[in-house]
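Spelled out from the first residue to the last, the chains are:
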Amino acid sequence: MNKFDEIEVDFKTVDFASLDTDEDFRKEAQRLLPQTLVQVGEAMAEKTWDELQKEMQKSGMKAGASQSAKRKFVQETKRTYQRNASSREKRELEDYIVEQLHQYK
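Keep in mind that this is a model prediction, so the values were computed, not measured. (Residues numbered from 1 in each chain as written. Predicted model: local features only at pLDDT ≥ 70, side-chain atom pairs only at ≥ 80, totals over all residues. Heavy atoms only, no water.)

On to the packing of helix α1 (residues 22-58) against helix α3 (residues 87-104), then. Closest axis-to-axis distance for the α1/α3 pair is 8 Å, and the angle between their directions is 120 degrees. As summarised for this structure, α1 and α3 are arranged oblique, according to the angle between their axes. The handedness of the crossing between α1 and α3 is right-handed. Only K90, R91, L93, E94, D95, I97, V98, L101 and H102 of α3 make contact with α1, whose side of the interface consists of D22, F25, R26, E28, A29, Q30, L32, L33, T36, L37 and V40. Classifying every residue of the contact of α1 with α3 gives 10 nonpolar, 3 polar and 7 charged. (Axes fitted to C-alpha atoms, helices over the stretch in contact; angles between N-to-C directions. Helix = DSSP H or I, 4+ residues; strand = E, 2+ residues; numbered from the N terminus. Parallel < 35°, antiparallel > 145°, perpendicular 65-115°, else oblique. Left-handed = near helix turned anticlockwise from the far one by under 90°. Contact = heavy atoms within 4.5 Å. Nonpolar A, V, L, I, M, F, W, Y, C, P; charged D, E, K, R; others polar.)

Here it is, written out as structure tokens:
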């Protein structure tokens, strides 16, 4: 199982008829990468938030933070992830997008 399997890449704007060569697929993946990084960051933030809430409950602390606090946490975390993702992680995500493009076509 790939660590990006939970991410649904948005292919609505992709012109699949124009994807012929490996370079075409790679360029399209690079175009889709920034938005996909945001999605990965958001998924990670949601998971982290849920885990933090569970840990707080286990330790006897009040875990019922507001929805606005959760939204703020998710927004900040996904932006931070997008800005700070390593080159290796970006490359892995790009490879995943290329793989998904091939499967979708």
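A separate point is α1. At L33, α1 shows its largest kink, close to 50 degrees, and the proline P34 lies no more than four residues downstream. G60 lies just past α1 and shows a positive phi near 85 degrees. (Bend = angle between axes of the 7 residues up to and from the residue.)

Inspection of the secondary structure puts E28 in helix α1. Take E28: its relative accessible area is 13%, and that puts it in the buried class. Contacts of E28, omitting those with residues within four sequence positions, involve V14, L19 and L101. (Buried < 20%, exposed > 50% of the residue type's maximum accessible area, 1.4 Å probe, protein only.)

This structure, assessed with the given rule, holds 10 salt bridges. In this structure, K27 and E23 form a salt bridge, with 3.1 Å as the shortest nitrogen-oxygen distance. Taken together, the positions of K27 and E23, both in helix α1 and 4 residues apart, correspond to about one turn of that helix. Residues joined in a network through salt bridges with shared partners are R26, R91, E94 and D95. (Salt bridge = Lys/Arg side-chain N within 4 Å of Asp/Glu carboxyl O.)

It is worth stressing that arrangement in space is one thing and function is another; only the former is reported here.
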